[in-house]
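Observations on the model geometry
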Amino acid sequence: RDGEFRALADVLKTNPTDVLAKARKLVTTLKEKDEEIDQLKSRLATGQSGAGGGTPYTVVEVAGAPNVYWQQIDGMEMKDLRSLADTLRDKHKAGIFALGSVKDDKVSLLVASTTAAFPANELIKPAAVEIGGSGGGRPEMAQAGGKKAEGLKAAIECVIDGVKRIAGV
């Protein structure tokens, strides 16, 4: 056990008496870096890179419905997509937002709606099938997960088709 402790001190590049302090400092640093990464992901996804880039998402206009904003941002977790949806709803006030991401072997899809006539939980169910999963949630926000990355674009198209169907287009 003493040998393992010395090996740990070597890995942490400190002496054995400072192992605990060094480990605590590393954990704090990791948490700070994770927060920084989350902020950067959000800024990238919303086009706030600081370089003045254009709109990072596609807007689809459907007669009789709010605009549909969609975007695929790979490498994001569902919590990142929820945060992005909140940011987009704050920015646009009205709309339907379809956000997708592929990370590792997992596909995430989120639909948010600002209009009760276009419930997110109804729009996401058929879309979830396209990514080989299932989905559900509330009328204002619903999410789905699956394993079929190649189906993400079709899932987003399915959401757009659902909006058109509800709008009678």
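As the structure is a computational prediction, the values presented were derived from the model and not from experiment.

1. Some remarks on the environment of Arg82
Relative to the assigned elements, Arg82 resides in helix 3 (residues 78–92). Considered as a pair, Arg82 and Leu99 are 17 residues apart in the sequence and their alpha carbons are 8.8 Å apart. For Arg82, the residues in contact, after removing those within four places along its chain, are Leu110, Met141 and Gln143. Separated by 3.0 Å, the side chains of Arg82 and Gln143 make a polar contact.

2. A look at the nonpolar core
Ranked by internal contacts, the top residues of the largest apolar core, which has 27 residues, are Leu109 and Val163. Listing elements by their share of this core, those giving two or more residues are strand 2 (68–72), strand 3 (96–103), strand 4 (106–113), helix 4 (120–130), strand 6 (141–146) and helix 5 (152–167). Element by element, the count of residues in this core is highest for helix 5, at seven residues. Beyond its immediate stretch of four places on either side in the chain, Leu109 contacts Met78, Leu99, Gly100, Ile124, Ala127, Ile131, Ala142, Gln143, Ala144, Leu152, Ala155 and Ile156. If you look at the next biggest cluster of nonpolar residues, it comprises 14 residues, including Tyr57, Leu84, Ala85 and Leu88.

3. Examining the sheet that holds strand 1 (residues 58–60)
Ordered in space as 1-2-3-4-6-5, the six strands form an open sheet in which the pairing is mixed. This sheet does not close on itself; its edge strands, each paired only once, are strand 1 and strand 5 (134–137). Shown here is a sheet whose adjacent strand axes are inclined to one another by a mean of 15°, direction ignored. When strand 3 meets strand 4, the two strands line up antiparallel, connected through eight bridges. Note that in strand 4 the partner of Phe97 across the bridge is Ala112. On top of the sheet, helix 4 reaches strand 3, strand 4, strand 5 and strand 6; it is set at about 155° to strand 4, its chief contact. Where helix 5 meets the sheet, it contacts strand 1, strand 2, strand 3 and strand 4, and its direction lies at approximately 175° from that of strand 2.

4. Side note on the packing of aromatic side chains
Enumeration over the complete set of coordinates arrives at two aromatic pairs. With 5.6 Å between their ring centres and 80° between their planes, Tyr57 and Tyr69 make a pair best called edge-to-face. Of this pair, Tyr57 sits in the loop between helix 2 (19–45) and strand 1 while Tyr69 sits in strand 2, placing them twelve residues apart in sequence. The burial state of Tyr57 is the same as that of Tyr69; both residues are buried. Between Tyr69 and Phe97, the ring centres sit 5.1 Å apart and the planes meet at 15°, which makes this aromatic pair stacked.

5. A closer look at the pairing of strand 4
Across the eight residues of strand 4, seven count as buried, placing the element largely inside the fold. What sits between the antiparallel neighbours strand 3 and strand 4 is a turn of two residues, in which Asp104 has the positive phi angle 60°. Pairing geometry for strand 4 and strand 6, over six bridges, is antiparallel. Considered in strand 6, the bridge of Ala112 is made with Met141.

About the cut-offs
- Residues numbered from 1 in each chain as written.
- Predicted model: local features only at pLDDT ≥ 70, side-chain atom pairs only at ≥ 80, totals over all residues.
- Heavy atoms only, no water.
- Helix = DSSP H or I, 4+ residues; strand = E, 2+ residues; numbered from the N terminus.
- Contact = heavy atoms within 4.5 Å.
- Polar contact = N/O pair within 3.5 Å; in protein donor to acceptor, adjacent residues only side chain to side chain.
- Core = buried A, V, L, I, M, F, W, Y, C linked by side-chain atoms within 4.5 Å.
- Buried < 20%, exposed > 50% of the residue type's maximum accessible area, 1.4 Å probe, protein only.
- Pairing = 2+ DSSP bridges.
- Axes fitted to C-alpha atoms, helices over the stretch in contact; angles between N-to-C directions.
- Phe/Tyr/Trp six-rings, centres within 6.5 Å; stacked < 30°, edge-to-face > 60°.

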